[in-house]
Amino acid sequence: MTQVSKITTSILIPAHNEAAVIGRTLAHLGRGLCRDTVEVIVIPNGCRDRTADAAREAMPEAIVLETQVPGKANAMRLGLAQARGAAIVFLDADLDVDAAAIGRLVAPLLRGEALASHGGMDVDLAGCSAAVRGFYAIWQRGPYLRGGKFGGLFAVSRAGLERITPLPDVTADDEYVSRAFRPSEKAYVRDVRFVARAPRTLAALFAVRKRVRRGTRELGRMGHGASGGGGRGHLVGALARPMLWAPLLVFLSLTVSVRVALMFGATGGAPKWERDDSSRVPVARRGDL
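Points about the pattern of salt bridges
As enumerated under the stated definition, the model contains 17 salt bridges in all. Note that glutamate 175 and arginine 179 form a salt bridge whose closest N and O atoms lie 2.9 Å from each other. You can see glutamate 175 and its partner arginine 179 sitting in helix H7 (residues 173–179), 4 residues apart, about one turn around the helix. In this structure, glutamate 175 and arginine 179 share a single accessibility class: buried. Among the ionic contacts, a cluster of salt bridges with common partners joins Lys72, Asp92, Asp173 and Asp174.

Structural data, given as structure tokens:
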């Protein structure tokens, strides 16, 4: 008699050189995790560090799929090939979220109420420079986060996977998935929050914003329209508050600099993945978390 899998949720964690933080991510995720119904699949890709070993040490029951081919989209495809759950959660390797939040995130999918779901993001600015704090003082006032954050952590149902697979090799993979669904097909689960650590230096923030901007332009060239959330009302509002003038100057200067850099940057060769290593600091042992 064939045994039917009881796995309802598969959590995919692509990881490239994340030995410093993967233990923290898995420690948070492991709190209250039901091993009978949830599987965790870590996909170390193109790593030159101990990411795979650190993942196995932090969560021995996790499935660790190693590949020497770098690339988040390829890692996601490998994870999908192994996933058994009715709901598939995609989680960045440097984010903090617990099992209870994962359960709330996938609930609308398991009930058939949506094809995809996402929560909200809290930005950790600890250790960041004054300029970085200024940028986020304006960025967080904008419309982008009002409907939650589809990126870093989101989930897709089996029916929803048909909309996005096979996953292409794109820079903005999260945004690609988000744009595949109409707003009515996505559930914003307000009581699901995850913590993202901001780049600590202005140079690191510049690199990340450059990647984000390039990824958005790439999707546009592929024919995937904007997902909404535009508007510059928050910038006008900041002008009315003198205490925000300095942060606004940082925000506008960085935004313009990124666009100029992309305008005059090299166009040939494979796209570069600008990554923030400034916020990826070694973590305490599991018992200290």
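Here the narrative resumes.
Points about the pairing of strand E1 (residues 9–15)
Across a regular strand the side chains alternate sides, sitting on one face of the sheet and then on the other. Summarising burial for E1: 7 of the 7 residues are buried, a large majority. Neither face of E1 is open: one carries Thr9, Ile11, Ile13 and Ala15, the other Ser10, Leu12 and Pro14, and all of them are buried. Bridge analysis of E1 against strand E2 (residues 38–44) gives 7 bridges, and the strand direction is parallel. Within E2, the position partnered with isoleucine 13 by the bridge is valine 42. Note that the unit made of E1, helix H1 (residues 22–30) and E2 has a crossover that is right-handed. Examined bridge by bridge, E1 and strand E4 (residues 87–91) share 4 bridges and lie parallel to one another. Directly across from leucine 12, in E4, lies its bridge partner phenylalanine 90.

Remarks on helix H2 (residues 51–58)
Three or more residues of H2 are buried, namely Thr51, Ala52, Ala54, Ala55 and Ala58. Seen from one end, H2 has its buried residues packed into an arc of 165°, which puts them on one side. Considering only its buried residues, H2 is in contact with E1, H1, E2 and strand E3 (63–64).

How each quantity is defined
Residues numbered from 1 in each chain as written. Predicted model: local features only at pLDDT ≥ 70, side-chain atom pairs only at ≥ 80, totals over all residues. Heavy atoms only, no water. Salt bridge = Lys/Arg side-chain N within 4 Å of Asp/Glu carboxyl O. Helix = DSSP H or I, 4+ residues; strand = E, 2+ residues; numbered from the N terminus. Buried < 20%, exposed > 50% of the residue type's maximum accessible area, 1.4 Å probe, protein only. Pairing = 2+ DSSP bridges. Right-handed = clockwise from strand over helix to strand, strands pointing away. Arc of directions from axis to C-beta. Contact = heavy atoms within 4.5 Å.

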